[in-house]
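What follows is the residue order along each chain.
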Amino acid sequence: MREISNCHSQVRQKHHDREQVSGRWSPRRRNRLLDDIHEGDRRRRRGKHLAHGEAEHPAAHPRDGPVRAQPHPLVGNQPRDHRGGALQTLADRPQPHHSHRHHPPARILRPPFDKDGRPLRNGILWLDGRATEQIRRYGSEHIHKLSGKPAGVTPAIYKMAWVKEHEPEIFADAYKVMDVHGYVAWMLTGRPVSSQAAADSLGLFDIQKRDWSDELLDIAGVSREQMADLVEPSYEMGTLRKELAEEWGIAEVPVIAGLGDGQAAGIGAAAVDPKIGFLNLGTAVNAGVDSPVYRYDKVFRTHVSGIPGNYVFEVLQSSGSYLAGWFRKTLGDPKLLGAPDPALDEAASLIPPGCEGLVTLPYWNAVQSPHWDFVAQGAVVGWRGTHSRAHMYRSILESIGFEMRYNLDSIEAGTGVKLSGLRAMGGGTRSLLWRQIMADTTALPITVCTQDEISELGAAVLAMASTGIYGEHDVAATAKKMAQYSETIEPDMEKHEQYCYVAKVQPKLYPKLKDVFENLYELSRKAPSTKPESPKAEL
């Protein structure tokens with residue numbers, strides 16, 4: 001895992017004023033900032049990426065259960081080169097206004113903490129599969145409607161129920177149970193606080209009230225007093241602790257409530273109305289739209305948006321560039337060790353749409369949208385002696401596109417608005433083959449964002465909006481000012497028509513294999529793998 005500390009120099013803070021009204025910038029404070037911005041700085045306010053630092057956070061894959069965590073290095077005694085390098089780059093620049101977020105992933109259950117912020121156990125990753133029985137016991141239509149989250153491995157509530165049942169002393173001894181964003185804010189400000197748009201991912205919200213649900217907290221085995229205080233996204237959570245400001249060589253800047261990495265990607269891409277969706281071609285593939293009205297659906301999950309008062313309808317496909325990388329590493333050129341293979345891409349580009357009858361069900365890491373089946377597995381159907389490695393590789397990429405089109409249909413039904421285009425980000429956008437396949441299968445133009453770490457830009461948008469620098473405190477308007485794009489990939493509608501027949505065949509595979517997946521799950525319980533459990537994973 002990585003921690004990324006990112007500084008976007010947006011606003012000069014010659015005068016640091018702590019005046020605040022109800023978590024918002026006071027007129028006096030905002031005017032001082034505005035007065036200190038020169039016309040020549042306006043390009044910098046477009047969201048130019050000035051400095052970046054990162055460090056690896058290893059994940060454990062315990063075979064016989066979780067182990068205790070060492071103190072987390074986000075704000076501790078571990079080396080801080082990744083932060084220091086980014087901040088040193090800004091040393092001679094005007095003092096920046098900072099939005100801090102943790103990326104990726106946002107959807108980690110941080111370990112319970114004592115009063116000093118020390119972890120009582122390892123954190124549990126979103127893809128951890130240990131809570132299958134709790135998902136089946138507690139997952140229901142009622143909880144889906146209440147929280148906005150379909151039952152599955154992603155919401156932390158089910159893993160918390162597992163901890164409650166298997167390690168009851170953990171929550172009994174805990175002072176606070178935090179999401180990642182909340183933990184970072186606590187360490188930065190000294191206040192155990194989080195953003196509504198980050199804490200929501202735990203699955204413990206009455207999402208329409210944007211507050212903790214006592215019913216869901218009871219299932220998880222924690223109390224309201226153990227949870228973070230909540231702040232609306234883009235408003236102030238507190239001020240950077242004096243000792244950290246001195247160590248990092250910056251002012252005691254306000255720390256602004258952020259959001260999860262998926263929602264942040266949408267904001268960074270300025271996908272801020274139901275006509276424009278975001279498409280993140282990362283390790284997993286997710287997409288979504290912003291909506292001013294609440295909906296819940298069996299296909300998508302609903303999050304609190306970074307735009308106050310709004311929601312994000314998000315679909316998640318667990319296998320994205322992970323699956324393409326798995327193929328290259330396992331079945332590709334061994335000399336490349338899984339790295340992108342131009343020769344393989346070229347061979348796959350020559351295969352006709354539909355891969356001459358080879359169809360893939362891309363559920364290597366189970367399936368989130370549209371079925372939310374945590375025991376589903378992958379399948380490749382239609383093998384003939386004429387098929388090659390290039391056929392399978394292309395079939396994998398096509399299958400991700402077919403699933404996305406189906407999922408986008410459900411989002412459009414939820415909003416009542418037809419999508420006119422997608423804003424794309426993530427490592428997968430570097431593949432000319434894959435992004436063209438995504439445009440052709442979805443029949444939508446795909447515009448590529450220029451910012452590599454687009455979620456960082458989304459967090460910075462919220463920080464900028466908090467200053468009112470573009471007028472009112474308006475996240476959507478600020479996003480449109482700061483988003484930057486490169487090329488647009490137009491769909492080939494002739495190929496889309498060719499894909500339509502295969503797109504009707506592929507959805508038939510899961511219903512026919514569902515019972516087989518259950519049998520395989522039971523088999524795995526009776527004859528467990530000799531390797532460490534996967535995808536059980538902790539930090």
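Above this text is the structure in question.
Residues numbered from 1 in each chain as written. Predicted model: local features only at pLDDT ≥ 70, side-chain atom pairs only at ≥ 80, totals over all residues. Heavy atoms only, no water.

S.K.: Please clarify how a nonpolar patch on the surface should be interpreted in this entry.
M.R.: Among the surface-exposed residues, Val516, Leu520 and Leu523 lie close enough to one another that they form a single nonpolar patch of about 230 Å² accessible area. When its relative accessible area of 37% is taken as the criterion, Val516 is described as partly exposed. (Patch = residues over 30% accessible without salt bridge, like charges linked within 9 Å, V, L, I, M, F, W, Y side chains within 5 Å. Areas by Shrake-Rupley, 256 points an atom, 1.4 Å probe, with all protein chains shown as cover. Salt bridge = Lys/Arg side-chain N within 4 Å of Asp/Glu carboxyl O. Buried < 20%, exposed > 50% of the residue type's maximum accessible area, 1.4 Å probe, protein only.)

S.K.: Got a minute to help me understand unusual backbone geometry in this structure?
M.R.: At the junction of Ser369 and Pro370, the peptide bond is cis and its omega measures out at 5° in the coordinates. With respect to the secondary-structure elements, Pro370 resides in the loop between strand S15 (359-361) and strand S16 (379-381). With a phi close to 50°, Trp372 is a non-glycine residue in the positive phi region. With respect to the helices and strands, the residue Trp372 is situated in the loop between S15 and S16. (Helix = DSSP H or I, 4+ residues; strand = E, 2+ residues; numbered from the N terminus.)

S.K.: How do you make sense of the packing of aromatic side chains when you look at a structure like this?
M.R.: The geometry of an aromatic ring pair comes down to the distance between the two centres and the angle between the two planes. In the structure shown here, the tally under the stated rule is twelve aromatic pairs. A ring pair is formed by Phe205 and Trp212, whose centres lie 5.0 Å apart and whose planes are at 85°; its orientation type is edge-to-face. Here Trp212 falls in the buried class, since its relative accessible area comes to 6%. On the basis of an interplanar angle of 20° and a centroid distance of 6.5 Å, the ring pair of Tyr294 and Tyr296 is categorised as stacked. According to the relative accessible area criterion, Tyr294 is buried, its value standing at 12%. Among the residues examined, Tyr296 registers a relative accessible area of 29% and is labelled partly exposed. Three or more aromatic residues joined by ring pairs make a cluster, and in this case those are Phe113, Tyr175, Tyr183 and Trp186. Seen from the ring of Tyr175, Lys176 lies directly overhead, with NZ or CZ sitting 5.5 Å from the centre. A cation over a ring is seen here: Arg210 above Tyr311, with NZ or CZ 4.5 Å from the ring centre. (Phe/Tyr/Trp six-rings, centres within 6.5 Å; stacked < 30°, edge-to-face > 60°. Lys NZ or Arg CZ within 6 Å of the ring centre and 35° of its normal.)

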